[in-house]
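In case you want the letters, here they are:
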Amino acid sequence: MPATDTTSPAAPPTDFIAEGMSRVDEVIRSRLASDVALIEQISHYIIGAGGKRIRPRLVLLFAEALGHAGPEPYEAAAIVEFIHTATLLHDDVVDESSLRRGRATANALFGNAASVLVGDFLYSRAFQMMVSLNRMRVLEVLADATNVIAEGEVLQLMNMHDPDLVVADYLRVIRYKTAKLFEASARLGAVIAGAAPEIEEACADYGRALGTAFQLVDDLLDYEGDTQALGKNVGDDLREGKPTLPLLLAMERGTPEERALIRHAIEHGEVERLPEIVAIVSRTGALQATRDAARTEAQHARERLFVLPPSRAREALLEFSARSVERSS
């Protein structure tokens, strides 16, 4: 598939789980109910913004691929979407973001305090839902994932404005902050289906690799995309002082003057010279190298799928990994 294809990676041409995703949306709407008006308003605002719904899809696809046909995957898929949404609310406050999915962020509209507290509501509601499933392994997987995600958030905060960050530490943040919930979503499908431990681990490996690939592409699109297509402000990572892989590689490969320019921009969150920095990361091949790293992760994800029996769900997961890497939004 050409890299210019802007089709969402979350919506394959034959979306046979559309009905299942509709059921997940029904669960989400019913579980958002609260007597506190502001909670309902903000929750519906952020959930209603849409998004690719990748994590809930992973739950449904792996459950189907392993032969499960009960109602549990819909509840589990809604839980991971609640956890993901809570992290978005908190992320946007920490990052002082003003735009997400093409709309004003909740913190921009309702304020930081309300956004943080509603994020807490979504986390706690997710744990209520976990308990209702009455599956200790489900609770264990999601409790572990939520804790690791929080560690990733703190690690990223510690790395802000640090141009000397090494690639291994950058990748550690991705594994914790982004890939962990992908991993948990894929693992949940296997857990609910009662898969053997080695099958569960293969599914988790797929999710971890896919999540890593997805974040690598997100990071390169901050220097290659445009605001309208991305639904967020281009250059936000630089403004926030995030030393992502395109910048780290550009510093390794650039001239001393280029290296000094990027270092200063990371240290000060400076976007005034963003066009120059975009030119540097492109000229040095840093963008292509980042996409190549994402393709390597996606290939690893695909290889792990062959422990599953052939099925339409497995084919969708294979396609999913390819599309998520070659996207441009």
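Rules and cut-offs
What you see as residue numbers is a count from 1 along each chain, following the sequence as written. With the structure being a predicted model, the display of local features is reserved for residues of pLDDT at least 70 and the display and counting of side-chain atom pairs for 80 or more, all residues being used for whole-chain, interface and lining totals. Side-chain figures throughout are based on the complete set of non-hydrogen atoms in the structure, without hydrogens or water. Helix and strand assignments come from DSSP, with helices taken as H or I runs of at least 4 residues and strands as E runs of at least 2, each series counted from the N terminus. Our radius of gyration is a C-alpha quantity, and the globule rule it is checked against amounts to 2.2 Å times the number of residues to the power 0.38. A 1.4 Å probe rolled over the protein chains alone gives each residue an accessible area, and that area as a share of the maximum for its type sets the label: buried under 20%, exposed over 50%, partly exposed in between. An axis is simply a line fitted to the C-alpha atoms; with a helix, the fit covers only the stretch in contact. Between two such axes, the angle follows the N-to-C directions and lies from 0 to 180 degrees. Relative orientations are named as follows: roughly parallel for angles under 35 degrees, roughly antiparallel for angles over 145 degrees, roughly perpendicular for angles from 65 to 115 degrees, and oblique for any other angle. With the far helix as reference, a near helix turned anticlockwise by less than a right angle produces a left-handed crossing, and one turned clockwise produces a right-handed crossing. What makes two residues a contact is simply this: any of their non-hydrogen atoms within 4.5 Å. Cavities and pockets were defined on a 1 Å grid built over protein atoms only: a cavity is a set of grid points that admits a 1.4 Å probe from which the probe cannot escape, a pocket is an open set flanked by protein on both sides within 12 Å along at least five of seven lines, and lining residues are those with an atom within 4 Å of any such point. Grid points are joined across faces, edges and corners, and a volume is the space filled by probe spheres set on the points. All residues other than Ala, Val, Leu, Ile, Met, Phe, Trp, Tyr, Cys, Pro, Asp, Glu, Lys and Arg, Gly among them, are scored as polar; the first ten of these are nonpolar and the last four charged.

Across its full length, the chain carries 16 helices and two strands. Its C-alpha atoms give the chain a radius of gyration of 19 Å, near enough to 20 Å, the size a compact globule of 329 residues would have. For the C-alpha atoms alone, the extent of the chain along its principal axes is close to 60 × 45 × 30 Å. Across the 329 residues of the chain, 54% fall into the buried class.

Where helix α3 (residues 54–65) contacts helix α9 (residues 197–224), the axes come no closer than 12 Å and their chain directions differ by 155°. On the basis of their axis angle, the class for α3 and α9 is roughly antiparallel. Of the two possible hands of crossing, α3 and α9 adopt the one that is right-handed. Contacts between α3 and α9 involve I54, L58 and F62 from the former and C203, Y206, L210 and F214 from the latter.

Counted as a void, the second largest pocket has a volume near 180 Å³. If you go around the second largest pocket, the residues you meet are F16, I17, G20, L60, A63, E64, H68, A69, G70, P73, Y74 and R312. Among the elements of the structure, α3 and α4 (72–95) are those that each provide at least two residues to the lining of the second largest pocket. Of the residues forming the lining of the second largest pocket, the biggest block, three residues, is contributed by α3. Along the lines of polarity and charge, the residues of the lining of the second largest pocket split into seven nonpolar, three polar and two charged.

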